[in-house]
Amino acid sequence: AQSVTQLGSHVSVSEGALVLLRCNYSSSVPPYLFWYVQYPNQGLQLLLKYTTGATLVKGINGFEAEFKKSETSFHLTKPSAHMSDAAEYFCAVIYGSSNTGKLIFGQGTTLQVKP
Amino acid sequence: KAGVTQTPRYLIKTRGQQVTLSCSPISGHRSVSWYQQTPGQGLQFLFEYFSETQRNKGNFPGRFSGRQFSNSRSEMNVSTLELGDSALYLCASSLVSMKNTEAFFGQGTRLTVV
């Protein structure tokens, strides 16, 4: 079954430290890849997405992700964590060539930022 | 411009009842998708509508249904509510498809079934 896996349901970093959230997808055909953030009692906000082209994607709030086809990965990074980054992060994919809005989400990673 | 509006924000229903949730997309957006979010199952796709037609459907029982109106507003209905239907229901809108254009999510409707 097509799926997406996020390694680590909770990640804790110190303020100013590197943030690394891991995401792997399951398909030999590269999907469309997304990272979303969710703050408490809020909807989802798009951080960045990969469709085609450059494999290093820059998003909002200093986040970026690199698409690695050989590793079927799309890990999210930020060089220096800020307290406001504490939230839940979701990796998601869209498989298939048709025009569809069916996102398949990972289980989410809660990011804790310690002062 | 106004974002995606979901109403109501909170809802408490009794088992066996039915419920209707509403989603008003961003003006000009024709695609509306619905997702269910629970602690156990995470975020799961329910269905997607585009220009009043259901374009895609997830793996949910027939008790879950939806529709889209000519002004792109969408409703989803759950009949014969079960305790397991307690969840945050999120709606997302995009111009054509979230695959090609950014999708914007509403704040969700928190449904509690007692």
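Residues numbered from 1 in each chain as written. Chains lettered and ligands numbered in written order. Predicted model: local features only at pLDDT ≥ 70, side-chain atom pairs only at ≥ 80, totals over all residues. Heavy atoms only, no water.

A. Highlighting the overall build of chain B. Along chain B, the regular secondary structure elements total 0 helices and 11 strands. Reading chain B from its N terminus to its C terminus gives the helix and strand order β-β-β-β-β-β-β-β-β-β-β. The globule rule puts the C-alpha radius of gyration for 114 residues at 13 Å, and the 13 Å found for chain B is close to it. Dimensions of chain B along its principal axes, counting C-alpha atoms only, are 35 × 25 × 25 Å. In chain B, buried positions account for 50% of the 114 residues. A sequence separation of at least 24 residues applies to 54% of the contacts in chain B between residues at least 6 apart. Total accessible area on chain B stands at roughly 5200 Å², and carbon and sulfur atoms take up 49% of it. A gap of 2 Å separates the mean positions of the 12 positive and 6 negative side-chain charges of chain B. (Helix = DSSP H or I, 4+ residues; strand = E, 2+ residues; numbered from the N terminus. Rg over C-alpha atoms; globule rule 2.2 N^0.38 Å. Buried < 20%, exposed > 50% of the residue type's maximum accessible area, 1.4 Å probe, protein only. Contact = heavy atoms within 4.5 Å. Areas by Shrake-Rupley, 256 points an atom, 1.4 Å probe, with all protein chains shown as cover. Lys, Arg positive; Asp, Glu negative; His and termini not counted. Charge placed at Lys NZ, Arg CZ, Asp CG, Glu CD.)

B. Focus on the state of the cysteines. All names here are of chain B. Applying the stated criterion across every chain, the model contains 2 disulfides over all chains. Through a disulfide, cysteine 23 is tied to cysteine 91; the S-S separation comes to 1.7 Å. The sign of the -40° torsion about the S-S bond sets the cysteine 23-cysteine 91 disulfide as left-handed. You can see cysteine 23 sitting in strand 3 (residues 19-24) and its partner cysteine 91 sitting in strand 9 (residues 87-94), a full 68 residues away along the chain. (Disulfide = S-S within 2.5 Å.)

C. How the structure looks around the nonpolar core. Among the nonpolar cores identified, the biggest contains 28 residues, and Trp35(A), Leu47(A), Leu48(A), Phe74(A), Leu76(A) and Tyr89(A) are the most heavily contacted of them. At the level of elements, strand 2 (10-14), strand 3 (19-25), strand 4 (32-38), strand 5 (44-50), strand 7 (64-68), strand 8 (73-78), strand 9 (87-94) and strand 11 (109-114) of chain A are the ones that each hand at least two residues to this core. Setting aside residues up to four positions removed in sequence, Leu76(A) forms contacts with Val19(A), Leu20(A), Leu21(A), Trp35(A), Leu47(A), Leu48(A), Phe63(A), Glu64(A), Ala65(A) and Tyr89(A). Among the nonpolar cores identified, the runner-up in size contains 21 residues, and Val4(B), Ile26(B), Phe60(B) and Leu111(B) belong to it. (Core = buried A, V, L, I, M, F, W, Y, C linked by side-chain atoms within 4.5 Å.)

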